[in-house]
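Given next are the chains, with one letter for each unit.
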Amino acid sequence: MNRRTFLNQSMQLAGVSTLGLLAPQLLHAQITSGQLIFVFMRGGMDALALLPPAEAKASGRLKLHRPNEFTNGAIPFSSEISLHPLLSPLLSDPVLKSRLNFVLHSGSTYNTLSHFEQMARVETGDMLGTNRSGIFGRAAKSMNRMTFAIGNTIPTSLRGTDPLVLTDPAKLTAAYSASNLKPGPSFTRSHRLGMYKKEANEIGDANIDRAARLAQSQFDLIGAKSATTVEALIASNGYFDDQYSLGRRLATAAHMLSSAASPPFVVVDGELGWDTHSGQFTNDKAKFRSFASKAEAVGRNLAALKRDLEARGKWATTAVVVLSEFGRTVRENGSSGTDHGRGGVMMLMGGRIRPFNDPKYLGRRSWGIPLSVDVSTALDVSHDYRLVLAEILQKNCGMSTAQLDSAFLKQISASNYLGVI
């Protein structure tokens, strides 16, 4: 395999975007405004199982609709809502608890139950047309800043800019090599980088040079030979390597925030498999890929992320937003699962986040469980997720009104902010 073929076939494996240079954007490293970690939970996360109602009437009504999938042993969080017991790490840290919020009945205002269409709407932020660029791509472009994605591909939310994509962190370790590319077990970091570089007798190729510098930057920022390997991050900050790799991705995101690149935001793909049409197992974490095991991964890893950010001196200025493309139906189906819905929940945490019980927070305080429910009944969308993101990007990350207009296609108004910050 020649070097160009390798380059074309393996940019995703190596996690490199060839579209821009890292070095000029490092000039922004001294910017002191806040940052954002955006975690997109693909699949339609069941908000009512994560945060069941605490109020007796609403709780009893939901239990009638979910005889098998109602959340048992929920922990009271307010007079109106509770938390799944496996989210308890979010409450055990008083500092985290004091800066924790849940935006109920939030989501996309576009009415579709299609995963792919709704994910595209959420990530592009376009509810009126078919814009192909993403919210964070337009935001980064307007700010002239470097961004990172933690996942397997460039997410739609970062289209329109030149993000550096860090693939599953296992692929950044010295031992990793793709089976169709490795010449042997010694296919190391230096070998990978070497395949990007120009040969001595080759005419100059700017694209190859650019790819080589980006690759070098990526591996240097979180290199297998440095003290900041993914394994070291996990061991030192309490992450656990679960079946979903969420901890590894969040560890990498936190490291990138405090790297020399200092991105204004990092996008993390939370691919936990939330599409629980059957065998949801809300309460049984022992079942493989059950809802309960996903809830445990979220609770433990978000709490560990807080500790990591705090240790880096980043907690006070970092906002973390967790969002899924939609929620799920109120009533469980005949397969002990739940189907595609509309309204869901945004999970927010960070040093500047106004907590759920703060009187200045203007979001809904309780779930609106409809009185009449059938198998297709879903929660409504009361709060446009874009308003929550826009408020955080403006008040925490320092985006101007003009930059917000560009990022959100002039489709929202700051006058409707909920006061999450």
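This section reports on the structure supplied with the text.

Cut-offs applied
Residues numbered from 1 in each chain as written. Predicted model: local features only at pLDDT ≥ 70, side-chain atom pairs only at ≥ 80, totals over all residues. Heavy atoms only, no water. Helix = DSSP H or I, 4+ residues; strand = E, 2+ residues; numbered from the N terminus. Buried < 20%, exposed > 50% of the residue type's maximum accessible area, 1.4 Å probe, protein only. Lys, Arg positive; Asp, Glu negative; His and termini not counted. Salt bridge = Lys/Arg side-chain N within 4 Å of Asp/Glu carboxyl O. Polar contact = N/O pair within 3.5 Å; in protein donor to acceptor, adjacent residues only side chain to side chain. Contact = heavy atoms within 4.5 Å. Expected span 1.5 Å × (residues − 1). 1 Å grid on protein atoms, 1.4 Å probe; cavity = no way out; pocket = protein on both sides within 12 Å on 5 of 7 lines; lining within 4 Å. Points joined across faces, edges and corners; volume = space filled by probe spheres on them. Nonpolar A, V, L, I, M, F, W, Y, C, P; charged D, E, K, R; others polar. Arc of directions from axis to C-beta.

Following the sequence through the fold, Arg121 ends up in helix H6 (residues 115-124). Put simply, Arg121 is tucked away with no salt bridge, and the nearest opposite charge, on Glu117, sits 4.4 Å away. A polar atom in the side chain of Arg121 sits 2.5 Å from the backbone oxygen of Gly129. Beyond its immediate sequence surroundings of up to four residues, Arg121 is in contact with Ser108, Tyr110, Asp126, Met127, Leu128, Gly129 and Tyr385.

A separate point is helix H11 (residues 246-257). For H11, built from 12 residues, the straight-helix expectation of 16 Å at 1.5 Å per residue is met to within 8% by its first-to-last C-alpha distance of 17 Å. Along H11, 12 of the 12 residues are buried, which leaves the element largely enclosed by surrounding structure. For H11, the full list of buried residues reads Leu246, Gly247, Arg248, Arg249, Leu250, Ala251, Thr252, Ala253, Ala254, His255, Met256 and Leu257.

Below, the discussion takes up empty space enclosed by the protein. Per the stated rule, a full pass over the model turns up two cavities of 30 Å³ or more. If you trace the second largest cavity, you find it lined by Met45, Ser106, Gly107, Leu323, Ser324, Phe326, Gly344 and Val345. Counting residues per element, the ones that place at least two in the lining of the second largest cavity are strand E4 (100-107), strand E8 (318-324) and strand E9 (344-350). Its residues assigned to classes, the lining of the second largest cavity comprises four nonpolar, four polar and no charged.

Another aspect to go through is the side chain of Ser290. Here Ser290 is to be found in the loop between strand E7 (265-270) and helix H12 (291-311). The buried category is assigned to Ser290, whose relative accessible area is 0%. A polar contact is formed between the side chain of Ser290 and the backbone oxygen of Asp284, at a distance of 2.8 Å. Leave out the neighbours within four places in its chain, and Ser290 touches Tyr244, Gln280, Phe281, Asp284 and Lys285.

Right, let's get into unusual backbone geometry. Although it is not a glycine, Phe281 sits at a positive phi angle of roughly 50 degrees. Unlike most non-glycine residues, Leu409 shows phi in positive territory, near 55 degrees. With respect to the helices, strands and loops of the structure, Leu409 is situated in the segment after helix H14 (401-407).

Attention shifts here to helix H3 (residues 56-65). Taken together, the buried positions of H3 are Ala58, Ser59, Leu62 and His65. Mapping the buried residues of H3 onto a view down its axis gives an arc of 120 degrees, with all of them on the same face. Exposed side chains of H3 directed beyond 90 degrees from the buried face belong to Ala56, Lys57 and Leu64. A side-chain oxygen of the first residue of H3 lies 3.2 Å from the backbone nitrogen of Lys57; this N-cap is Glu55.

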